Amino acid sequence: MLQYADDVRTTTRPIPTRTTRPIPVAVHALDPLSRAGVLSYLRQCPEVSLVDDLRQPGTGVALLVADAFDAAALTTLSRLVKAERARVVLVLDRIQEPELLDVVSLGVTTILWRREVTGERLRQAVRTADRGHGDLPPDLLGRLIGCMGRRTADGPGPAEHGMLPREVDVLRLVADGMDTGEIAGKLLYSERTIKNIIHTVTTRFHLRNRAHAVAYALREGYI
């Protein structure tokens, strides 16, 4: 049966306005000038609410700026992820493959090169991290796939939450009696990287020296 327009009853309903919450963003940088530059970009983003720190764990985005991903950056990142449960955006000049695996092991998958940073790029990265998604530069993604492929071929790594896979690898070799040079040759890292790994472990877990670190790893079941 056909229905004429005169018989159709229509009601007018207000269209709900769509509101989005501002994303709390805390900026961390080892260099004050880098922090000031990032803040100047983010102040132009209306959907971002800049805060000194994320007061409620698990809410908001922490943006960490560093020249290179060294022991200090790893310590800061570990605190942001584990203590504050923040979604993190990393802004870096460079990162090596071992450090990249550490970052991904902590659940961080949004990384920007500093040379590519713009206001729009930062805005996009913050929104991506807030949604729990990933955003890696194409060259870094290729390196990560290569790293993971080699690690899979060597066998699955341990699924620790407190100690990273490469930290366990180093301490296992320390426990076997190897010195820094031998460990570097075995794992194809530089001696400086091995020293940084051991320093990071002893600092993060409040350990006195290598022997204490090995004892801790054995007691906690990492090795």
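Here's a quick rundown of the structure. Everything numeric in this text was worked out from a predicted model, so none of it was measured.

Quick look at the overall build of the chain
- Summing up its helical and strand segments, the chain has 9 helices and 5 strands in all.
- Per-residue burial for the chain yields a buried fraction of 43% across its 223 residues.
- At a minimum sequence separation of 6, the contacts of the chain that also span at least 24 residues come to 67%.
- When the accessible area of the chain is evaluated, it comes to approximately 13200 Å², of which 52% is carbon and sulfur surface.

Quick look at the packing of helix α6 (residues 165–175) against helix α8 (residues 191–204)
- Following both chains from N to C, one finds α6 and α8 inclined at 100°, their axes separated by 10 Å at the closest point. As summarised for this structure, α6 and α8 are arranged roughly perpendicular, according to the angle between their axes. The segment α6 lies against α8, with Arg166, Glu167, Val170, Leu171 and Val174 engaging Thr193, Ile194, Ile197, Ile198, Thr200, Val201 and Arg204.
- Looking at the contact of α6 with α8 residue by residue, the classes come out as 7 nonpolar, 2 polar and 3 charged.

Topic: the pairing of strand β3 (residues 61–68)
- Burial analysis of β3 places 6 of its 8 residues in the buried class, the great majority of the element.
- Pairing analysis gives 5 bridges linking strand β1 (residues 23–29) to β3, with the strands arranged parallel. Its bridge partner lying in β3, Val27 is registered against Leu63.
- By the bridge criterion, 7 bridges tie β3 to strand β4 (residues 87–94) in an arrangement that is parallel. Its bridge partner lying in β4, Ala62 is registered against Val88.
- Regarding topology, helix α2 (residues 71–83) serves as the crossover connection from β3 to the parallel β4, and that connection is right-handed.

A closer look at the packing of aromatic side chains
- All told, the structure shown has 2 aromatic pairs when counted by the stated rule.
- When the ring of Phe205 is compared with that of Tyr216, the centres are 5.0 Å apart and the planes differ by 35°; the resulting orientation is tilted. Linking Phe205 in the loop between α8 and α9 (210–220) with Tyr216 in helix α9, this pair joins segments that are 11 residues apart in sequence.
- Judged by relative accessible area, Phe205 falls into the buried class, the value being 17%.
- Taken together, a centroid distance of 6.4 Å and an interplanar angle of 40° make the contact between Tyr216 and Tyr222 tilted. Like Tyr222, Tyr216 is buried.
- Here a set of aromatic residues connected by ring pairs shows up, and it is made of Phe205, Tyr216 and Tyr222.

A look at the sheet that holds strand β2 (residues 48–51)
- The strand order across the open sheet formed by 5 strands is β2-β1-β3-β4-β5, and the pairing between neighbours is parallel. Of all the strands in the sheet, the pair left with one neighbour each is β2 and β5 (111–113). The average undirected angle you get between the axes of adjacent strands in this sheet is 30°.
- Pairing of β1 with β2 involves 4 bridges; the strand directions are parallel. Residue Ile23 lies in a different strand from β2, and its bridge partner there is Val48.
- Sitting on the sheet, α2 touches β1, β3 and β4, and the angle it makes with β3 is about 170°.

How each quantity is defined
Residues numbered from 1 in each chain as written. Predicted model: local features only at pLDDT ≥ 70, side-chain atom pairs only at ≥ 80, totals over all residues. Heavy atoms only, no water. Helix = DSSP H or I, 4+ residues; strand = E, 2+ residues; numbered from the N terminus. Buried < 20%, exposed > 50% of the residue type's maximum accessible area, 1.4 Å probe, protein only. Contact = heavy atoms within 4.5 Å. Areas by Shrake-Rupley, 256 points an atom, 1.4 Å probe, with all protein chains shown as cover. Axes fitted to C-alpha atoms, helices over the stretch in contact; angles between N-to-C directions. Parallel < 35°, antiparallel > 145°, perpendicular 65-115°, else oblique. Nonpolar A, V, L, I, M, F, W, Y, C, P; charged D, E, K, R; others polar. Pairing = 2+ DSSP bridges. Right-handed = clockwise from strand over helix to strand, strands pointing away. Phe/Tyr/Trp six-rings, centres within 6.5 Å; stacked < 30°, edge-to-face > 60°.

Purely geometric numbers; function is a separate question.
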